[in-house]
Amino acid sequence: MERVNCFFIGLPKSGSTWLYKNLIEQKNIFIPKCKEVNYFNHNYHHSVDWYHSFFKDQCNEKIVMEVCHDYIFDGNVAKRIHKYNEQAKIIIFLREPLDWIVSGYLYSKRNGMYNKSVVDFYNDRVEKWKLKYHELIIPYQEIFGEENVKIYYFDDISSKPEKLIDDIFSFLSLDKSEIIIKGIHEKVNSAASPRIPLINKWVTRSSKKIKKLGGYKLIAAIKFTPIVQKILYKPLPLNERLSAIDELKKSHASLEISEMLLEGEKITEMGIYDKWY
């Protein structure tokens, strides 16, 4: 089989499901049904043949892609991917930090894993080094070359999705006339609240245990189906998200994060700070 030659590495909660659902529809891109194989971080003890078993249904597609939103947080992954395929293309989606934190906060709430305020969540649960976007990206640019690492922004999914897909096709050297735009404007993984918090908490913990036992394909086939999601969650009122963002903006978090990003721009000018501040 053709080796995997494109990797989405993160961030989580920044459009990976939207990207997965739209790219899996494209004729010349193969992505396995199991969205997150996690081979180069959690499952590196397995053989390459085990990894390739997730891609066995590929059929001469030009791009063979893995979507794993946690790779960016593991310092070993860049070198491991490069050892596996030196010619790999890397795609990164970034999200405005305050919005990213609120998304993680609401996700934890909906799964019954946290019930305090969003500021408490920032203080208690957010690992601040994960907000230093520049430092997360630099290793990939150094190892693969800046021309093989593409940075996109979560905001573009809602504001200009066609241009986003078009640019990804250019980056991957694919024929843009073959772009399938079905579902490109559909919202995925929208913020939601649990119907029964205790059940959501149990489901979340159980799915993590099943993944540790190697049940990635089972989770992909069941947990994220529309009917299961409808049973577990109900739509979140927009004002709850806006209220959480406003609360975080008024806290010490806003200044701390802007200073982190500004410091990053002094190390390497990626334009990330100017995108939001």
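To be clear, the structure that these remarks concern was listed above.
Just so you know, the residues in each chain are numbered from 1, in the order the chain's sequence is written. Reporting in this predicted model follows two pLDDT cut-offs: at least 70 for local features of residues, and 80 or more for side-chain atom pairs to be given and counted; totals over whole chains, interfaces and linings ignore these cut-offs and use all residues. Only hydrogens and water are removed before side-chain values are computed, so all heavy atoms of the structure are retained for them.

(A) Focus on empty space enclosed by the protein. A 1.4 Å probe that fits into a set of points on a 1 Å grid over the protein atoms alone but cannot get out defines a cavity; an open set with protein on both sides within 12 Å along at least five of seven lines defines a pocket, and lining residues are those with an atom within 4 Å of a point. Grid points are joined across faces, edges and corners, and a volume is the space filled by probe spheres set on the points. Applying the stated rule across the entire model yields 1 cavity of 30 Å³ or more. In this structure, the largest cavity occupies an estimated 30 Å³ of space. What lines the largest cavity is Gln26, Lys27, Asn28, Ile29, Phe169, Leu174 and Glu178. The residue makeup of the lining of the largest cavity, split by class, is 3 nonpolar, 2 polar and 2 charged. Note that Gly is not counted as nonpolar here; it falls among the polar residues with everything else outside the nonpolar set of Ala, Val, Leu, Ile, Met, Phe, Trp, Tyr, Cys and Pro and the charged set of Asp, Glu, Lys and Arg.

(B) Expanded view of the packing of aromatic side chains. Only rings of Phe, Tyr and Trp enter the pairing, Trp through its six-membered ring, and a pair is recorded when the two centres are within 6.5 Å. The plane angle decides the type: under 30 degrees is stacked, over 60 is edge-to-face, the rest tilted. With the rule as written, the count across this model stands at 25 aromatic pairs. Between Phe73 and Trp100, the aromatic rings sit 6.4 Å apart at their centres with planes inclined by 55 degrees, giving tilted as the arrangement. With Phe73 in the loop between strand E3 (63-67) and helix H3 (77-84) and Trp100 in helix H4 (residues 97-110), this pair connects stretches of sequence that are 27 residues apart. The class for Phe73 is buried, based on a relative accessible area of 15%. Starting at the N terminus, helices and strands are each numbered in turn, a helix being any DSSP run of H or I of at least four residues and a strand any DSSP run of E of at least two. Burial classes follow relative accessibility: with a 1.4 Å probe on protein chains only, a residue under 20% of its type's maximum area counts as buried, one over 50% as exposed, and anything between as partly exposed.

(C) Seen up close, the packing of helix H1 (residues 16-23) against helix H8 (residues 161-171). Axis definition: a line fitted to C-alpha atoms, limited for helices to the stretch in contact. Angles are taken between N-to-C directions and run from 0 to 180 degrees. Direction vectors running N to C along H1 and H8 enclose 70 degrees, while the axes themselves pass 12 Å from each other. Between H1 and H8, the angle falls in the class roughly perpendicular. With respect to the hand of their crossing, H1 and H8 are arranged in right-handed fashion. Contacts between H1 and H8 involve Trp18, Leu19, Asn22 and Leu23 on the former and, on the latter, Pro161, Leu164, Ile165 and Ile168. Residue classes in the contact of H1 with H8 are distributed as 7 nonpolar, 1 polar and no charged. What sets the label is the angle itself: under 35 degrees gives roughly parallel, over 145 gives roughly antiparallel, 65 to 115 gives roughly perpendicular, and the rest give oblique. Put simply, a crossing is left-handed when the front helix is turned counterclockwise from the back one by less than a right angle, and right-handed when it is turned clockwise. What makes two residues a contact is simply this: any of their non-hydrogen atoms within 4.5 Å.

Functional significance is not addressed by these values, which are geometric in nature.
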